[in-house]
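# Structural overview
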Amino acid sequence: MKKASILLAWLLVISFSCNQAHDHSHDEEEEIPPVTLTKYSDNLELFVDFPYLIAGKPTTMMVHLTRLGEKFQPVQDGKIKSNLSIGGKQVLAEANSQTSTGIYEVEITPETTGTGKLTFDIQTGAISEQFVFENIEVFNDLVAVVRNQKQTKTGEEITYLKPQAWNIEFANELVRRGTFREILKTSGQVIAAPGDETVITANSSGAVLFASNKTVVGSKLNVGDHIFTITGGSLTQGNPDVYFKETKANYELAKAEFDRAEILIKDRIISEREYLKRKLEYENMQSTYQAVSKNYSSSGQKVTTNSNGFLKNLLVSEGQFVEAGTPLALVSKNKKVMLQANVSQKYFQKLPMISGANFKIVSENTVFNTEEMNGKVISFGKSTSGNASYIPITFEIDNVGNIIPGSVAEVYLKSSPIPDALIIPTKALMEELGNFFVFVQTGGETFEKREIKLGGNDGRLVQVLSGLKEGERVVTKGAYAIKLASASGAIPEHGHSH
């Protein structure tokens, strides 16, 4: 409405002054909305605004350069060359430094009226980009500008300036089409994969002593780390120290008997049978002694780890008496884990079509994808009992995210493909009274609040059924700041002049 009022006022000015010289003031000229142009490449956003071009009149173009990424940032080392081409005539200009953060001034003076092409060549670091705008109009005078004004925008438009966006976590992404999957959202849990966990057992009877701080749950373990000592102490039975000494004495006796038998067999004083008997006794005692003495020290029998990983659980307390073979601790390699999801019986027919899933550990924000983790479905329930209302489906995945077995998860099972679906990131969504909306960036510094209707949600992407078009850009970071700006109703002032 404001723009329409301005245009009406200008038409009255024109009719009043048709027989007078057209001597309009600078203040009046500034009331005409500027030309705004916005384009994106894979690396940069270029937003430029300037007064309508008039032949023979110098015009300053304010070029705003933004580097795209996880957070949009101003380009501060840019070099700009511009070219306005109309009817074969070219007007060149350039800017080699910013006038303020991320903003460059390019001054041009069009030589002729007409419709032409405006080109910007941008160089920043190793990045070179070219942005081309067609149908750029150059007018004869200000009266011609006013006569050609059109009300092209309807609805409520939100203004949020570039310097504001650069000072917050801000980003946007394209609305695009692609293959989506029918989603079954459910709950599940992460469990240890078979073969991924090993048990450390006692190698003799005795009292357990913790050998180091590696007996703290979660400690990283390597093969051969000494974590327990089993000692006899004052035990009268099952004492490992006494057993070691007995074994050593029996071994030394068997060795002496065998050495003697080797001498006697040469002179045929003993039979071949007797010699082989002594040899067998020696070899048996040698194996026993080597096994007992392998981890023995003066403080007791050492218990070491037999695999790399981390200490998942302690199964004994310090000082506890154990028998040989008693489980002492659980070591997890944590290289493979399994994701087990619980699916309602009504979706049983869809289970064979499920080949992947996204999942999020409760209380964390990261969304994992089984297909990115070398995941595969290893089983799903073929039947159920009267006491169970859910059917399990299980994935085996690489544990690339340090996922702890036992964690509860939100699971988004991926079923039948939906081709050519309109999709946006879930982080663009905002909810208000049960309805979902997004902020669409309609220009470099203009936004529109748009209510949308949603389809499936896989935790990362969401299907949009209505409210958006392919190629539009939705705000994925900084939407709350724009919401506050829209609620204030105030139009911020530019931090630069034209």
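Please refer to the structure placed before this passage.
Notes on the structure follow.

Calculation rules
Residues numbered from 1 in each chain as written. Predicted model: local features only at pLDDT ≥ 70, side-chain atom pairs only at ≥ 80, totals over all residues. Heavy atoms only, no water. Helix = DSSP H or I, 4+ residues; strand = E, 2+ residues; numbered from the N terminus. Buried < 20%, exposed > 50% of the residue type's maximum accessible area, 1.4 Å probe, protein only. Contact = heavy atoms within 4.5 Å. Core = buried A, V, L, I, M, F, W, Y, C linked by side-chain atoms within 4.5 Å. Polar contact = N/O pair within 3.5 Å; in protein donor to acceptor, adjacent residues only side chain to side chain. Arc of directions from axis to C-beta. Lys, Arg positive; Asp, Glu negative; His and termini not counted. Salt bridge = Lys/Arg side-chain N within 4 Å of Asp/Glu carboxyl O. Pairing = 2+ DSSP bridges. Phe/Tyr/Trp six-rings, centres within 6.5 Å; stacked < 30°, edge-to-face > 60°. Lys NZ or Arg CZ within 6 Å of the ring centre and 35° of its normal.

### Comments concerning the overall build of the chain
When you go through the chain residue by residue, the secondary structure sums to seven helices and 33 strands. The proportion of buried residues among the 498 residues of the chain is 42%. Taking all contacts inside the chain whose residues are at least 6 apart in sequence as the whole, residues at least 24 apart take part in 71%.

### A short note on the nonpolar core
By size, the foremost hydrophobic cluster in this structure holds 27 residues, and its most contacted members are Leu46, Met61, Val63, Leu84, Leu118 and Phe120. Mapped by element, the contributors of at least two residues to this core are strand S1 (35-40), strand S2 (44-50), strand S4 (59-67), strand S6 (79-86), strand S7 (89-95), strand S8 (103-108), strand S9 (114-124) and strand S10 (127-139). Once you skip the residues sitting within four places of it in the chain, leucine 84 turns out to touch Leu53, Lys89, Gln90, Val91, Ile108, Pro110, Lys117, Leu118, Ile136 and Val138. In this structure, Val337, Ala341, Ile397 and Leu413 belong to the second largest nonpolar core, which totals 21 residues.

### Side note on the side chain of threonine 229
Examined against the element boundaries, threonine 229 turns out to sit in strand S17 (residues 226-231). For threonine 229, the side chain forms a polar contact with the side chain of histidine 226, separated by 2.9 Å.

### Description of helix H7 (residues 479-488)
Listed as buried for H7 are Ala479, Ile482 and Ala485. Mapping the buried residues of H7 onto a view down its axis gives an arc of 115 degrees, with all of them on the same face. For H7, the exposed residues set more than 90 degrees away from the buried face come down to Tyr480, Ala487 and Ser488. Of the surrounding secondary structure, the elements contacted by the buried residues of H7 are strand S11 (158-159), strand S29 (430-432), strand S30 (435-441), strand S31 (446-457) and strand S33 (473-477).

### With respect to the side chain of arginine 473
With respect to the helices and strands, the residue arginine 473 is situated in strand S33. Glutamate 45 is the oppositely charged side chain nearest to the buried, salt-bridge-free arginine 473, at an N-O distance of 6.3 Å. A polar side-chain atom of arginine 473 sits 2.8 Å from a polar atom in the side chain of asparagine 172. Leave out the neighbours within four places in its chain, and arginine 473 touches Tyr40, Leu68, Asn172, Glu173, Leu174, Phe439, Val440 and Gln441.

### Quick notes on the sheet that holds S9
Taken together, five strands build an open sheet; the order of strands is S3-S10-S9-S6-S7 and the sheet is mixed. Of all the strands in the sheet, just strand S3 (53-54) and S7 have a single pairing partner and so form its edges. Where S3 meets S10, two bridges bridge the pair, whose relative direction is parallel. Bridge pairing in S10 links isoleucine 54 to phenylalanine 139.

### A short note on the environment of lysine 312
Along the polypeptide, lysine 312 turns up in strand S20 (residues 309-314). Under the relative-accessibility criterion, lysine 312 is labelled partly exposed at 28%. A sequence separation of 19 residues divides lysine 312 from valine 331, and the C-alpha atoms of the two residues are 5.4 Å apart. Apart from the residues lying within four places of it in its own chain, the contact partners of lysine 312 are Ala192, Glu197, Val217, Leu330, Ser332 and Pro405.

### A few points about the pattern of salt bridges
A side chain with one charge may pair with a side chain of the opposite charge, provided their charged atoms come close. Summed over all chains, the structure comprises 18 salt bridges. The salt bridge involving lysine 414 is made with glutamate 371; its shortest N-O contact spans 3.2 Å. Taken together, the residues lysine 414 in strand S28 (residues 408-425) and glutamate 371 in the loop between strand S25 (367-369) and strand S26 (376-380) connect sequence positions 43 residues apart. Lysine 414 gets classed as buried once you look at its relative accessible area, which sits at 7%.

### Some points on the pairing of strand S22 (residues 327-332)
Most of S22 is tucked away: five of the six residues are buried. For strand S14 (residues 197-201) and S22, the ladder comprises five bridges, and the chain directions are antiparallel. Residue glutamate 197 lies in a different strand from S22, and its bridge partner there is serine 332. Pairing of S20 with S22, which is carried by four bridges, proceeds in the antiparallel orientation. Along S22, the bridge assignment pairs leucine 311 with valine 331.

### Examining the environment of aspartate 77
Locating aspartate 77 in the fold gives a position in the loop between strand S5 (73-74) and S6. Exposure remark for aspartate 77: the relative accessible area of 44% places this residue in the partly exposed category. It is 7.6 Å that separates the C-alpha atoms of aspartate 77 and glutamine 98, two residues lying 21 residues apart in sequence. Here aspartate 77 is in contact with Arg67, Tyr104, Gln123, Thr124 and Gly125, once residues within four sequence places are set aside. Among the polar contacts made by the side chain of aspartate 77, one reaches the side chain of threonine 124 at a distance of 2.6 Å.

### Considering the sheet that holds strand S16 (residues 220-221)
Taken in spatial order, the four strands make up an open sheet running S14-S22-S20-S16, and their pairing is antiparallel. Unpaired on one side and paired on the other, S14 and S16 mark the two borders of the sheet.

### A closer look at the packing of aromatic side chains
Enumeration according to the criterion identifies ten aromatic pairs in this entry. Grouped by ring-pair contacts, the aromatic residues Tyr251, Phe258, Tyr275 and Tyr282 constitute a single cluster. In this structure, lysine 449 packs its charged tip against the face of phenylalanine 437, placed 4.4 Å from the ring centre. Here the basic side chain of arginine 473 rests over the ring of tyrosine 40, its NZ or CZ set 3.8 Å away from the ring centre.

### Details of unusual backbone geometry
Non-glycine residue asparagine 374 carries a positive phi angle of around 55 degrees. By the element assignment, asparagine 374 lies in the loop between S25 and S26. Here asparagine 374 falls in the exposed class, since its relative accessible area comes to 53%. Here the phi dihedral of leucine 433 falls at roughly 55 degrees; this positive angle occurs in a residue that is not glycine. By the element assignment, leucine 433 lies in the loop between S29 and S30.

### Digging into the pairing of S33
With four of its five residues buried, S33 lies for the most part within the structure. In this structure, strand S12 (residues 171-174) lies alongside S33, joined through four bridges in antiparallel fashion. Bridging from a neighbouring strand, alanine 171 pairs with lysine 477 of S33.

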